[in-house]
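Spelled out from the first residue to the last, the chains are:
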Amino acid sequence: MPPYQPKAITRSDPRRVLIEWTDGRRSEFSAADLRRVCPCAQCVSETTGVRMHDPATVPDDLEQQGLQLVGNYAISMRFSDGHGTGIFTFDALRALDERAD
Ligand SMILES: [Zn+2]
């Protein structure tokens, strides 16, 4: 199974990120959804894997900006709460969307 790859990433709405995958699936994430699952070391303990950042503190109207590709496997962005260290892999984004089905 090849890694999931996006065909197009739409970020024009600061509250949303849309990904169209090469297999045709379309995934829509709110910026708040992504902030709540931020996998960075500030949000999740590297030693225990426990989430230290409380997802309940993220407002639904959180915005993203400066979305960038990281290599060919992930994206990063800066959130309007000032946080910007998370790297969201395509595999994790795809899994997040499929869990929401
Ligand atoms: Zn984080």
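Refer to the structure presented above.
Every chain begins its residue count from 1, and numbering advances along the sequence as written. Side-chain atom pairs in this predicted model are given and counted only at pLDDT of 80 or more, local residue features only at pLDDT of at least 70, and totals for whole chains, interfaces and linings cover all residues. To obtain the side-chain values, all non-hydrogen atoms of the structure were included, while hydrogens and water were left out.

What the chain contains, in helices and strands, is two helices and six strands. Along the chain, helices (α) and strands (β) appear in the sequence β-β-β-α-β-β-β-α when read from the amino end. Radius of gyration: C-alpha atoms only; globule rule: 2.2 Å multiplied by the number of residues to the exponent 0.38. At 13 Å, the chain has a C-alpha radius of gyration in line with the 13 Å of a compact globule built from 101 residues. Along the first, second and third principal axes, the C-alpha atoms of the chain reach 35 × 30 × 30 Å. Looking at the chain as a whole, 35% of its 101 residues qualify as buried. Contacts: residue pairs with any heavy atoms within 4.5 Å of one another. When contacts within the chain are restricted to residue pairs at least 6 apart in sequence, those whose partners lie at least 24 apart make up 40%. Accessible surface computed for the chain: about 6000 Å², of which carbon and sulfur atoms make up 49%. We count Lys and Arg on the positive side and Asp and Glu on the negative side, and we leave His and both chain ends out. Where a charge lies is defined by one atom per residue type: Lys uses NZ, Arg uses CZ, Asp uses CG and Glu uses CD. Computing the positive centroid from 12 side-chain charges and the negative centroid from 15, the chain places the two 2 Å apart. Under the DSSP-based scheme used, a helix requires at least four consecutive residues in state H or I and a strand at least two consecutive residues in state E, with every element numbered from the N terminus. Whether a residue is buried, partly exposed or exposed follows from its accessible area with a 1.4 Å probe, protein chains only, as a fraction of its type maximum: under 20%, in between, or over 50%, in that order. Working definition of accessibility: Shrake-Rupley area with a 1.4 Å probe, residue cover restricted to the visible protein chains.

On to the coordination of the zinc ion. Here a donor is any nitrogen, oxygen or sulfur atom (N, O, S) within 2.8 Å of the metal, with 3.2 Å used for Na, K and Ca; water is not among the atoms considered, so some sites may look incomplete. The zinc ion binds to the protein through Cys38 (SG), Cys40 (SG), Cys43 (SG) and His83 (NE2), with metal-donor distances spanning 2.1 to 2.3 Å. Around the zinc ion sit four donor atoms; with metal-centred angles ranging over 99 to 117°, the donor geometry is tetrahedral. Accessibility expressed as a relative area gives 9% for His83, which makes it buried. Four donors are marked tetrahedral only if all angles between them lie between 85 and 135 degrees, whereas four are marked square planar and six octahedral if opposite donors are more than 155 degrees apart and the other angles lie between 65 and 115; the remainder are marked irregular.

The next point concerns the packing of aromatic side chains. Only the six-membered ring of Trp is used, alongside the rings of Phe and Tyr, when aromatic pairs are assigned; centres must lie within 6.5 Å, and planes under 30 degrees apart are stacked while those over 60 apart are edge-to-face, with the rest tilted. The tally for this structure, following the rule as stated, stands at three aromatic pairs. For the ring pair Tyr4 and Trp21, a centre distance of 6.1 Å and an interplane angle of 70° mean the geometry is edge-to-face. Placement of Tyr4 in the segment before β1 (6–10) and of Trp21 in strand β2 (residues 16–21) is noted, with a sequence separation of 17 residues between them. The class of Tyr4 is partly exposed, set by a relative accessible area of 23%. Residue classification places Trp21 among the buried residues on the basis of a relative accessible area of 1%. Each ring, one from Phe79 and one from Phe88, has its centre 6.2 Å from the other, and the planes form 80°; the classification is edge-to-face. An aromatic cluster of at least three residues, connected via ring pairs, comprises Tyr4, Trp21 and Phe90. Counting as a charge over the ring demands two things of the Lys NZ or Arg CZ atom: a distance within 6 Å of the ring centre and an angle within 35 degrees of the ring normal. Here the basic side chain of Arg94 rests over the ring of Trp21, its NZ or CZ set 5.5 Å away from the ring centre.

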